[in-house]
Amino acid sequence: MRVYSSHNQIYISKKKRPSKIKLFLWFLFAGLAIIGLVYLLVYSPIFQIKNFKITGNERTPNELVITILKSFSLSNKLNSVLSDNNIIVWPSGEIKINQTIISRAIISKNWFSRTISIKVEERQKFAIWCLSGGDCYWIDKEGVVFDKAPLTEGGLILAVQDLKNNSITLGEKALEERFINNLLAALKNSQSLGFSINGFEYDKELQEIKMTTYGGPYILFSVRFDPSSNINALIKLLKESQKNSKYFDLRIENKIFIGN
């Protein structure tokens with residue numbers, strides 16, 4: 001019995017020894033595989049972008065498009081490990097962008113050719129918004145402030161002088177959300193009145209906008225309501241020889257006051 005027992009113990013110890021070796025080899029293989037994977041992802045050229053294909057950018061250089069998208073779409077933990085030239089860190093799909101001349105971009109990736117295709121939508125210049133301190137900015141058709149603009153005179157470009165404000169933030173709207181659409185309606189519809197527009201003045205405290213013309217009347221709007229119906233009524237009045245009036249006051253909804 002003892003001999004058998006001793007032999008059995010020797011047999012068991014011999015069976016255990018190869019299991020430890022296999023476990024060591026498995027860990028060694030796993031470690032080497034992880035190192036190889038890290039090298040493949042970080043240093044290998046397999047995932048490095050070869051080409052950017054950009055369309056839709058009429059005013060924005062390709063280099064600036066890439067710079068903008070990197071700042072908006074690559075700010076993640078993965079990008080802190082991999083380079084921004086790695087195709088893995090770039091997202092696919094639509095990206096909305098604030099504070100820049102680009103409003104959105106659609107990104108697609110071709111893994112085989114290692115190409116990033118970017119379709120850009122730029123903000124369209126609608127009007128110029130000038131602050132009391134003299135700085136001017138472009139706003140788009142939604143009222144978003146997106147770029148510096150020159151100080152302008154004349155009626156070829158719609159220009160608003162903000163009488164009470166001396167600061168503004170890129171990417172935000174020129175006015176509060178509840179007022180901005182009414183202001184934009186006043187700017188758009190005023191072009192249908194038939195006057196040669198000199199410019200607009202906005203008073204934040206009164207929540208009013210004044211349109212001045214060359215040799216004609218001035219017109220007062222309120223941004224507290226949509227002025228479209230008042231402007232349509234004014235167009236009818238102007239067809240009835242009211243153009244020689246001194247001013248038109250549209251600051252009360254559904255009413256027009258005329259100063260002679």
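Placed above this text is the structure.
Residues numbered from 1 in each chain as written. Predicted model: local features only at pLDDT ≥ 70, side-chain atom pairs only at ≥ 80, totals over all residues. Heavy atoms only, no water.

Q: Can you walk me through the overall build of the chain in this structure?
A: A tally of regular secondary structure across the chain gives five helices and 13 strands. Out of the 260 residues in the chain, the part that is buried amounts to 36%. Within the chain, residue pairs in contact and separated by at least 24 positions form 52% of the contacts whose partners lie at least 6 positions apart. Approximately 16,100 Å² of the chain is accessible, and the part contributed by carbon and sulfur atoms is 54%. (Helix = DSSP H or I, 4+ residues; strand = E, 2+ residues; numbered from the N terminus. Buried < 20%, exposed > 50% of the residue type's maximum accessible area, 1.4 Å probe, protein only. Contact = heavy atoms within 4.5 Å. Areas by Shrake-Rupley, 256 points an atom, 1.4 Å probe, with all protein chains shown as cover.)

Q: Help me understand the sheet that holds strand β12 (residues 247-250), please; the structure alone is not making it clear to me.
A: Strand pairing within a sheet occurs via backbone hydrogen bonds; the two strands may be parallel or antiparallel. Spatially, nine strands are ordered β7-β6-β5-β8-β9-β10-β11-β12-β13 in an open sheet, and the strand pairing comes out mixed. Pairing within the sheet leaves two strands with one partner each, and these edge strands are β7 (145-149) and β13 (257-259). The average angle at which neighbouring strand axes cross in this sheet is 25°, direction not considered. Sheet strands in contact with helix α4 (residues 177-190) are β5 (127-130), β6 (136-139), β8 (159-162), β9 (197-203), β10 (208-213) and β11 (218-222), and its direction is about 165° off that of β9. Sitting on the sheet, helix α5 (residues 228-238) touches β11, β12 and β13, and the angle it makes with β12 is about 150°. (Pairing = 2+ DSSP bridges. Axes fitted to C-alpha atoms, helices over the stretch in contact; angles between N-to-C directions.)

Q: Would you mind going over the state of the cysteines with me for this structure?
A: Think of a disulfide as a covalent bridge from one cysteine sulfur atom to another cysteine sulfur atom. Overall, the coordinates contain one disulfide when judged by the stated rule. Between the sulfur of C130 and that of C136 lies a disulfide, 2.1 Å long from S to S. Around the S-S axis, the bridge from C130 to C136 shows a dihedral of about 105° and counts as right-handed. For the residue pair C130 and C136, the accessibility class agrees, reading buried in each case. (Disulfide = S-S within 2.5 Å.)

Q: Just checking my understanding: could you explain the sheet that holds strand β2 (residues 93-96) for this structure?
A: The sheet built from four strands is open, its strands ordered β1-β4-β3-β2 with mixed pairing. Looking at which strands have only one partner, the edges of the open sheet turn out to be β1 (51-55) and β2. Between one strand axis and the next, the sheet turns by 25° as a mean value, whatever way the strands run. For β2 and strand β3 (residues 102-110), the ladder comprises four bridges, and the chain directions are antiparallel. Note that in β3 the partner of E94 across the bridge is I106.

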